[in-house]
Amino acid sequence: MLLGVNIDHVATLRNARGELDPNVLEAAKVCMLAGANGITTHLREDRRHIADFDVFMIKNELDCKLNLEMAATYEMKKIALDLLPHACCIVPERREELTTEGGLDVYSQKEKLAEFVKPLLDNGIEVSLFITPDRKQVSAAADIGVKFIELHTGSYSRAFGKENEEQELIRLKQATSLAHLLGLTVNAGHGLNYQNVSRMHEIDGLHELNIGHSIISRAVFIGLDSAVKEMINLVNKN
């Protein structure tokens, strides 16, 4: 499996003082030098952490795979078409949430989302949809023409170590299996950490994990380079 590192919370720390440190671009460089496959940023509508200049700086000054997480809004589509990142992940977004709370409801808005992602696809951007591990949502994602999905692992992460852990892992396995049958490449993320990430190896054919908060938290104690390398070792361990 590959590892994409989400650096949103480097920006959260920077914004706490309204100054320039820690530098988001430098953090992205450290992650890539440590062996990350790419950099993920979520440009939220309220700009609570990552800012517009962050994503353009990373795109223009660092040769890396940039994955832009974004809501399905006109503003974000315009930014994505100006930026032309390697990939965009379409996520649901509510301003009052602390973090993304669930998956995108593709099933109920297939036509709208198909229209939204078309210009992104036409401009060579890899588009993924951030969805719960649900058969209906996986099938709907395949119907609108994207080639990638990212499974929301939040329920599994919260269940880790509890009696419903196996049930949540089975949901991820079944969704991944169906996605492969439908020709989709499957990524996963949300809530994964140094303790629960090991079971992702039990899901056949996962392509990439996107992990942020736990890596940045670990970096407070051991440094960003070491935190990324430690996670890569876990992601690569069979």
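Please refer to the structure placed before this passage.
The following paragraphs examine the structure supplied in this document. Just so you know, these numbers come straight off a predicted model, no measurement behind them.

1. Here's the deal with the overall build of the protein chain
Assigned secondary structure in the protein chain consists of 10 helices and eight strands. Relative to the compact-globule value of 18 Å for 238 residues, the protein chain shows a C-alpha radius of gyration of 17 Å, a close match. Put simply, the protein chain has 238 residues, and 50% of those count as buried. At a minimum sequence separation of 6, the contacts of the protein chain that also span at least 24 residues come to 66%. With an accessible surface of roughly 11,200 Å², the protein chain has 50% of that area assigned to carbon and sulfur atoms. Taken as two groups, the 26 positive and 34 negative side-chain charges of the protein chain have centres that lie 2 Å from each other.

2. With respect to the sheet that holds strand β6 (residues 148-152)
To summarise the sheet geometry, strands pair through backbone hydrogen bonds and adopt either a parallel or an antiparallel arrangement. Taken together, the eight strands give a closed barrel; going around it, the order is β1-β2-β3-β4-β5-β6-β7-β8, and neighbouring strands pair in parallel fashion. Ignoring which end each strand starts from, the neighbouring axes of this sheet average 25° apart. Sheet topology note: the strand β1 (residues 2-6)/strand β2 (residues 38-42) ladder contains three bridges and is parallel. Paired with Gly4 across the two strands is Gly38, which belongs to β2. Helix α8 (residues 165-181) rests against β6, β7 (185-189) and β8 (206-211) of the sheet, and its axis sits at about 175° to β6. Lying over the sheet, helix α10 (residues 224-236) contacts β1 and β8, oriented at roughly 145° with respect to β1.

3. Observations regarding unusual backbone geometry
The omega torsion across Asp21 and Pro22 is 0°, close enough to zero to call that bond cis. Among the secondary structure elements, Pro22 is positioned in the loop between α1 (8-17) and α2 (24-33). Not every positive phi belongs to a glycine, and Leu84 is a case in point at roughly 50°. Counting through the fold element by element, Leu84 comes out in the loop between α4 (74-83) and β4 (87-90).

4. Points about the packing of aromatic side chains
With the rule as written, the count across this model stands at one aromatic pair. The interplanar angle of 65° and the centroid separation of 6.1 Å between the aromatic rings of Tyr156 and Phe160 together place this pair among those described as edge-to-face. Accessibility expressed as a relative area gives 1% for Tyr156, which makes it buried. The ring of Tyr107 has Lys136 lying over it, and the distance from NZ or CZ to the ring centre is 4.7 Å.

5. Concerning helix α9 (residues 213-222)
Inspection of α9 places Ser214, Ile215, Ile216 and Ala219 among the buried residues, and these make up the whole buried set. In this structure, the buried residues of α9 make contact with β1, α1, β8 and α10. Positive backbone phi, approximately 95°, marks Gly223, located one or two places after α9.

6. Structural notes on the pattern of salt bridges
This model, assessed by the stated rule, comprises 16 salt bridges. A salt bridge links Arg14 to Asp54; the shortest N-O distance between them is 2.8 Å. Pair noted here: Arg14 is in helix α1 and Asp54 is in helix α3 (residues 52-61), with a separation of 40 residues, a long-range link. Both residues of the pair, Arg14 and Asp54, count as buried. One salt bridge connects Arg47 with Glu75, and the closest N-O pair in it is separated by 2.8 Å. Here Arg47, found in the loop between β2 and α3, pairs with Glu75, found in helix α4; they are 28 residues apart in sequence, far enough to count as distant. Looking at Arg47, the relative accessible area reads 22%, which means it is partly exposed.

7. Things to note about the nonpolar core
The biggest cluster of nonpolar side chains holds 71 residues, and the ones touching the most others in it are Ile58, Ile90, Met200 and Ile215. Sorting elements by how many residues they give to this core places α10 first, with six residues. For Met200, the contacting residues outside a window of four places in its chain are Met1, Thr153, Tyr156, Leu169, Leu172, Leu192, Leu206 and Leu209.

Conventions used here
- Residues numbered from 1 in each chain as written.
- Predicted model: local features only at pLDDT ≥ 70, side-chain atom pairs only at ≥ 80, totals over all residues.
- Heavy atoms only, no water.
- Helix = DSSP H or I, 4+ residues; strand = E, 2+ residues; numbered from the N terminus.
- Rg over C-alpha atoms; globule rule 2.2 N^0.38 Å.
- Buried < 20%, exposed > 50% of the residue type's maximum accessible area, 1.4 Å probe, protein only.
- Contact = heavy atoms within 4.5 Å.
- Areas by Shrake-Rupley, 256 points an atom, 1.4 Å probe, with all protein chains shown as cover.
- Lys, Arg positive; Asp, Glu negative; His and termini not counted.
- Charge placed at Lys NZ, Arg CZ, Asp CG, Glu CD.
- Pairing = 2+ DSSP bridges.
- Axes fitted to C-alpha atoms, helices over the stretch in contact; angles between N-to-C directions.
- Phe/Tyr/Trp six-rings, centres within 6.5 Å; stacked < 30°, edge-to-face > 60°.
- Lys NZ or Arg CZ within 6 Å of the ring centre and 35° of its normal.
- Salt bridge = Lys/Arg side-chain N within 4 Å of Asp/Glu carboxyl O.
- Core = buried A, V, L, I, M, F, W, Y, C linked by side-chain atoms within 4.5 Å.

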